[in-house]
Amino acid sequence: GGGGATPRIGVFGPVEWPHVAILPAQIEDIVSVVRATLRLPAPIFAAIALVPVLAYVFYRTPFGLALRACGENPDAIASQGRSPDAIRAAALVIGGGLVAAGGGTFVLTGAGIFTFGALDGRGFAALALAVAVRWRPGWALLATLLFGVVDAYARHLQESVTAPFGMLLALLPMTLALAVLIATSRGGAKARLR
């Protein structure tokens, strides 16, 4: 019905932080930089707030302990009379929901256009970074923030650089993710070469 045009989607706007007028001029400059940096959509703050919650669940709850044991030693869970398959299925459902929320957040905080291939391999990069930091939520947050900065900077540079080099800059974030994955591997390649 739209004549072949890509449908537009309403997006989340950035959170507007209140202006504080009673601060000295030197501090006001710092506060304005922080305010500009934190002009992010609300789902981004929700994702950042989810990191300590997930860390708590993984490392401080019986479900987190059972989940980690299912990956390392499922027989230990089975010996307790619990089903490793049920715990793994629950983890898949929760993880799938988080992945879907991440993809939706990407579309709803970006350009507001959904097209196939909108993520351009960023899901793979997120998986590579999660493996590289050995599934630790805090380190995953830092790695994804670094990846986001490199991705945004590469896109900004891509607009100002001519044709062949601009296309290569688009590969910079994925190259970074692969380099981190290779650098943090536990010597698996060395063992296979011997």
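Anything mentioned here points back to the structure above.
Predicted model, so just to flag it, every value in this text is computed and none were measured.

**Q** Help me understand the overall build of the protein chain, please; the structure alone is not making it clear to me.
**A** Assigned secondary structure in the protein chain consists of 10 helices and 0 strands. When the helices and strands of the protein chain are read in sequence order from the N terminus, they spell out α-α-α-α-α-α-α-α-α-α. In the protein chain, which comprises 194 residues, the proportion classed as buried is 18%. A fraction of 57% describes how many contacts in the protein chain between residues 6 or more apart in sequence connect residues 24 or more apart. Summing over all exposed atoms, the protein chain offers an accessible surface of approximately 13,500 Å²; the carbon and sulfur share of this is 71%.

**Q** Can you help me understand the packing of helix H2 (residues 42-60) against helix H5 (residues 84-109) in this one?
**A** Each pair of packed helices gets described by two things: the angle between the helix axes and the distance between those axes. The contact between H2 and H5 brings their axes to 10 Å, and the two run at 155°. In terms of orientation, H2 and H5 fall into the roughly antiparallel class. Along this stretch, H2 crosses H5, giving a crossing that reads as left-handed. Contacts between H2 and H5 involve Pro43, Ile44, Leu50 and Leu54 from the former and Leu98, Thr105 and Thr109 from the latter. Considered class by class, the residues forming the contact of H2 with H5 number 5 nonpolar, 2 polar and no charged.

**Q** What is the right way to read the packing of aromatic side chains from this model?
**A** The geometry of an aromatic ring pair comes down to the distance between the two centres and the angle between the two planes. Per the stated rule, a full pass over the model turns up 1 aromatic pair. Seen from their ring centres, Phe58 and Tyr59 are 6.5 Å apart, and the 85° between their planes marks the pair as edge-to-face. The class for Phe58 is partly exposed, based on a relative accessible area of 24%.

**Q** It is not clear to me how the nonpolar core should be interpreted in this structure. Could you clarify?
**A** Nonpolar side chains in soluble globular proteins tend to be buried together. The biggest cluster of nonpolar side chains holds 7 residues, and these are Ala125, Leu129, Val133, Ala143, Phe147, Met174 and Ala177. Those elements that provide at least two residues to this core are helix H6 (122-132), helix H7 (137-160) and helix H9 (172-184). Residues within four places of Ala177 in sequence aside, it is in contact with Ala125, Ala128, Leu129 and Phe147. Core analysis: the second largest hydrophobic core is formed by 6 residues, Ala69, Cys70, Ile77 and Ile87 among them.

Analysis parameters
Residues numbered from 1 in each chain as written. Predicted model: local features only at pLDDT ≥ 70, side-chain atom pairs only at ≥ 80, totals over all residues. Heavy atoms only, no water. Helix = DSSP H or I, 4+ residues; strand = E, 2+ residues; numbered from the N terminus. Buried < 20%, exposed > 50% of the residue type's maximum accessible area, 1.4 Å probe, protein only. Contact = heavy atoms within 4.5 Å. Areas by Shrake-Rupley, 256 points an atom, 1.4 Å probe, with all protein chains shown as cover. Axes fitted to C-alpha atoms, helices over the stretch in contact; angles between N-to-C directions. Parallel < 35°, antiparallel > 145°, perpendicular 65-115°, else oblique. Left-handed = near helix turned anticlockwise from the far one by under 90°. Nonpolar A, V, L, I, M, F, W, Y, C, P; charged D, E, K, R; others polar. Phe/Tyr/Trp six-rings, centres within 6.5 Å; stacked < 30°, edge-to-face > 60°. Core = buried A, V, L, I, M, F, W, Y, C linked by side-chain atoms within 4.5 Å.

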